[in-house]
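Reading the structure
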Amino acid sequence: MRKPIIAGNWKMNKTASEGAKLVNELAPLVKDANCDVVVCVPAIDIPAVAEAIKGTNIQLGAQNVHFEAHGAFTGEIAADMLKEYGVKYVIVGHSERRSYFNDTDETVNKRMHAALNAGITPIVCLGETLEQRRTGKTEEVLDEQIEKSLKGVDDLSRIVIAYEPIWAIGTGVTATADQANETIGYIRKKCAEVFCPKCAEKVRIQYGGSMNAGNCKELMAMPEIDGGLIGGASLKADAFSAIVNYDK
Ligand code: PGA
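Residues numbered from 1 in each chain as written. Predicted model: local features only at pLDDT ≥ 70, side-chain atom pairs only at ≥ 80, totals over all residues. Heavy atoms only, no water.

**Considering unusual backbone geometry**
Of all residues except glycine, most have a negative phi; of all peptide bonds, most are trans. Filter applied, for reference: Each helix corresponds to a stretch of at least 4 residues labelled H or I by DSSP, and each strand to a stretch of at least 2 residues labelled E; elements are numbered beginning at the N terminus. Residue exposure (1.4 Å probe, protein chains only): buried if accessible area is under 20% of the type maximum, exposed if over 50%, otherwise partly exposed.
Positive phi outside glycine occurs at Lys14, with the angle close to 80 degrees. Counting through the fold element by element, Lys14 comes out in the loop between strand E1 (5-9) and helix H1 (16-30). Classification of Lys14 as partly exposed rests on a relative accessible area of 28%. Here the phi dihedral of Asn102 falls at roughly 60 degrees; this positive angle occurs in a residue that is not glycine. A relative accessible area of 64% means that Asn102 is categorised as exposed.

**A few points about the sheet that holds strand E6 (residues 160-163)**
Definition in use: Strand pairing is assigned whenever DSSP identifies at least 2 bridges connecting the two strands. A fitted line through C-alpha atoms serves as each axis, taken over the contacting stretch for helices, and the angle formed by two N-to-C directions is quoted from 0 to 180°. Contacts are assigned to residue pairs with any non-hydrogen atoms lying within 4.5 Å of each other.
The parallel closed barrel is built from 8 strands, whose spatial order is E1-E2-E3-E4-E5-E6-E7-E8. Along the sheet, successive strands turn relative to each other by an average axial angle of 25 degrees, direction set aside. One ladder, built from 4 bridges, connects E6 with strand E7 (residues 204-208); its direction is parallel. Bridge pairing links Ile161 to Ile205 in E7. Sheet strands in contact with H1 are strand E2 (36-40) and strand E3 (58-62), and its direction is about 135 degrees off that of E3. Relative to strand E5 (residues 121-126), helix H5 (residues 105-117) is tilted by about 160 degrees, and along the sheet it contacts strand E4 (89-92) and E5.

**What to know about the pattern of salt bridges**
Applied cut-off: By convention in these notes, a salt bridge is any Lys or Arg side-chain nitrogen within 4 Å of a carboxyl oxygen on Asp or Glu.
Counting across every chain of the model gives 18 salt bridges. Across the pair Arg111 and Asp103 runs a salt bridge whose closest N-O atoms are separated by 3.0 Å. Here Asp103 falls in the buried class, since its relative accessible area comes to 6%. Through salt bridges with shared partners, a single network forms among Arg2, Arg188, Glu201, Glu224 and Asp226.

**Considering the packing of H5 against helix H7 (residues 138-149)**
The test is simple: Angles below 35 degrees are treated as roughly parallel, those above 145 as roughly antiparallel, those between 65 and 115 as roughly perpendicular, and all remaining angles as oblique. Crossing handedness: left-handed means the near helix sits turned counterclockwise from the far one by under a right angle, and right-handed means the same turn made clockwise.
For the pair H5 and H7, the least separation of the axes is 8 Å and the interaxial angle reads 45 degrees. Between H5 and H7, the interaxial angle falls into the category oblique. The crossing of H5 and H7 is right-handed. Residues Asp105, Glu106, Val108, Asn109 and Met112 of H5 form the contact with H7, whose participating residues are Glu144, Gln145, Lys148 and Ser149.

**Considerations on the environment of Ile77**
Note that Ile77 resides in the loop between E3 and helix H3 (79-84). Residues Ile77 and Asn64 lie 13 residues apart in sequence; the distance between their C-alpha atoms is 7.8 Å. Apart from the residues lying within four places of it in its own chain, the contact partners of Ile77 are Ala43, Val65, His66 and Leu82.

**Some points on the state of the cysteines**
In protein structure, a disulfide is the covalent linkage between the sulfur atoms of two cysteines. This is how it is decided: We call a pair of cysteine sulfur atoms a disulfide whenever their separation is within 2.5 Å.
By the definition in use, this model includes 1 disulfide. With a sulfur-sulfur separation of 2.0 Å, Cys196 is cross-linked through a disulfide to Cys199. On the sign convention where negative means left-handed, the S-S torsion of about 105 degrees between Cys196 and Cys199 marks this disulfide as right-handed. Given a relative accessible area of 19%, Cys199 falls into the buried group. With no disulfide partner, Cys35 has as its closest neighbouring cysteine sulfur the one in Cys216, 10 Å distant.

Geometric values such as these leave the question of function open.
Below is the structure:
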């Protein structure tokens with residue numbers, strides 16, 4: 001009932017020409033995918049990648065969006081600027097944005113609404129640190145992130161949630177499939193309480209954190225996990241396509 005979504009997060013990697021080359025290599029390898037295939041690229045790569053994905057099933061994503069429509073915000077990008085290039089998804093609240101660039105649940109919430117207002121699907125990232133998991137605070141942390149970051153969403157099916165335990169990002173340490181499934185199940189339960197049970201059944205929740213060709217089958221077999229947000233393994237066509245084709 002929920003269509004799986006595998007999204008690559010290139011982070012600050014790939015120039016525009018490298019990005020177009022990667023997408024050209026990727027396109028034939030993912031053409032028969034049963035899931036939504038998305039690449040979230042650096043802002044300056046958007047025009048080249050938008051051109052390169054024409055006629056393919058790859059959808060375009062961005063990595064951030066500012067919450068105001070326009071104005072004096074040096075270095076920022078507005079939702080309609082993304083929209084003009086056919087951007088369909090935008091990551092908001094990635095833990096790197098939260099820790100290095102001072103994004104908070106409040107600004108993440110504003111960015112999410114800016115995307116929704118422009119008709120772009122936000123991929124809202126949530127997740128706990130290792131310290132928080134060790135001290136048994138995971139659920140408390142997620143509760144707060146859900147209540148604040150997702151505040152005011154009227155239709156949860158219009159967003160994607162990415163559960164990314166911070167300790168698993170770029171570390172090679174993956175949450176076990178059971179851990180990821182259990183925590184994503186918890187996020188869905190909390191969404192049912194805060195929003196409504198029916199909407200919680202509709203929202204797609206991805207797992208992110210060192211997901212790769214070797215562990216994607218097991219993760220994707222879990223009933224609560226609706227996809228992946230992939231960093232390192234999205235930078236090579238063979239590695240990313242192996243994840244996209246997890247069911248083949
Ligand atoms: P990773 O990154 O797959 O390299 O762990 C995931 C992410 O940060 O979205």
